[in-house]
Amino acid sequence: MVYLSQFRFPDREREYDFTMSQKRTCYDTFYPFQVISKHGLGVLDLEPVTILYGGNGSGKTTVLNVIAEKLGLTRDTLYNRSCFFEDYTGMCSYETERSIPAGSRIITSDDVFDFMLNLRSMNDGIDRKREELLEDYMDAKYSRFQMRSLEDYEQLKKVTMVKRNTQSKYIRKNLMDNVREHSNGESAFLYFADKIKEDGLYLLDEPENSLSPEKQQELLRFLEDSARFFGCQFLVATHSPFLLSMKGAKIYDLDEEPVDVKRWTELSNVRAYYDFFKKYETEFRDTF
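In this text the structure is predicted, and so the values were computed from the model without any measurement.

Caption draft 1: Structural view of the packing of aromatic side chains. As enumerated under the stated definition, the model contains 14 aromatic pairs in all. Aromatic side chains phenylalanine 7 and tyrosine 94 sit 6.4 Å apart centroid to centroid with 5° between the ring planes, which places their arrangement in the stacked category. Placement of phenylalanine 7 in strand β1 (residues 4-8) and of tyrosine 94 in strand β4 (residues 93-96) is noted, with a sequence separation of 87 residues between them. Classification of tyrosine 94 as partly exposed rests on a relative accessible area of 35%. Relative to phenylalanine 277, the ring of phenylalanine 276 lies with its centre 5.3 Å away and its plane at 80°, an arrangement referred to as edge-to-face. On the basis of relative accessible area, phenylalanine 276 is assigned to the partly exposed category, the value being 47%.

Caption draft 2: The pairing of strand β3 (residues 49-53), seen in detail. With five of its five residues buried, β3 lies for the most part within the structure. Residues Val49, Ile51 and Tyr53 line one face of β3 and the alternating positions Thr50 and Leu52 line the opposite face, and both faces are buried. Pairing of β3 with strand β7 (residues 232-237) involves four bridges; the strand directions are parallel. Directly across from leucine 52, in β7, lies its bridge partner alanine 237. In this structure, β3 lies alongside strand β8 (residues 250-253), joined through four bridges in parallel fashion. Bridge pairing in β8 places leucine 52 opposite tyrosine 252.

Caption draft 3: View of the nonpolar core. Ranked by internal contacts, the top residues of the largest apolar core, which has 35 residues, are Phe9, Leu44, Leu52, Val63, Val66, Ile67 and Leu203. When contributions to this core are tallied by element, the ones reaching two or more residues are β1, α2 (60-71), α3 (85-91), β6 (200-205) and β7. Sorting elements by how many residues they give to this core places α2 first, with six residues. Setting aside its immediate chain neighbours within four residues, isoleucine 67 contacts Leu4, Phe7, Phe9, Leu44, Leu203 and Leu235.

Caption draft 4: How the structure looks around a nonpolar patch on the surface. There is a patch of nonpolar side chains on the surface, built from Tyr273, Phe276, Phe277 and Phe284 and spanning about 410 Å² of accessible area. For the nonpolar patch, the leading source of residues is helix α10 (residues 268-279), giving three residues. Along the chain, phenylalanine 277 falls in helix α10. The exposure class assigned to phenylalanine 277 is partly exposed, which follows from its relative accessible area of 40%.

Caption draft 5: Structural context of unusual backbone geometry. The peptide bond linking tyrosine 31 to proline 32 adopts the cis configuration, its omega dihedral lying at 10°. Omega for the peptide link from glutamate 257 to proline 258 comes to 5°, which places this bond in the cis form. Within the element layout of this structure, proline 258 appears in the loop between β8 and β9 (260-262). Non-glycine residue glutamine 34 carries a positive phi angle of around 70°. Judged by relative accessible area, glutamine 34 falls into the partly exposed class, the value being 42%.

Reading guide: rules and limits
- Residues numbered from 1 in each chain as written.
- Predicted model: local features only at pLDDT ≥ 70, side-chain atom pairs only at ≥ 80, totals over all residues.
- Heavy atoms only, no water.
- Phe/Tyr/Trp six-rings, centres within 6.5 Å; stacked < 30°, edge-to-face > 60°.
- Helix = DSSP H or I, 4+ residues; strand = E, 2+ residues; numbered from the N terminus.
- Buried < 20%, exposed > 50% of the residue type's maximum accessible area, 1.4 Å probe, protein only.
- Pairing = 2+ DSSP bridges.
- Core = buried A, V, L, I, M, F, W, Y, C linked by side-chain atoms within 4.5 Å.
- Contact = heavy atoms within 4.5 Å.
- Patch = residues over 30% accessible without salt bridge, like charges linked within 9 Å, V, L, I, M, F, W, Y side chains within 5 Å.
- Areas by Shrake-Rupley, 256 points an atom, 1.4 Å probe, with all protein chains shown as cover.
- Salt bridge = Lys/Arg side-chain N within 4 Å of Asp/Glu carboxyl O.

Here you go:
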């Protein structure tokens, strides 16, 4: 599915005219001006899956933030939005094939990290509550309780509940909404599975962060299926060779000047992996 078909950025001349017209001298940068244009990226023609590839400082994240800002996409965490962002996005334009769904969003590494920290905090709280309940259970089970007044009624209920339930059932009933603990990779994948719904435009900034190679491949299959069967469009900034191999993806190499469209097997990052494993191919053969 294609919602956003084209996005255009201001060229160097237009950026130069703007920056030279500024009378303010207290700023040492005009970010995001002069970031995207230095690589000669003027237009993005988008497919159901479009990938931005490039090293640190190539402008991948800036491209995503500019597009998200221009389209008014939902996001969970703040970002480096300078005072010139509105001026810059005002110079950008775009075309759509269909109206962009309301649930569309940008997902960044900060979003995923915050989610993992919040989940870990919740789990830590549950661990503490579980320990407290275990102490309550043991105290109530082995106490010689006798109800002497109505003030003892709550303790009577607790003792009765302990006698009617095993330790595990008692703890589960009192914890109510228990939250399962996950590894960082599982938690990160849960975030993508929760936020990416049917029929939406999604901008993903290095989604491979915190994911093991196995989980990256699982995310790859999830994104491919979402684009193919569930009406999703993706614009992804990534270094991951697994995500770069996504079927049908159009890949912009931001390390080239001007920016060039390439196959994933032509990218320097992927070639580095290939050359490395090719060098030790005989060792892999001996292993199996």
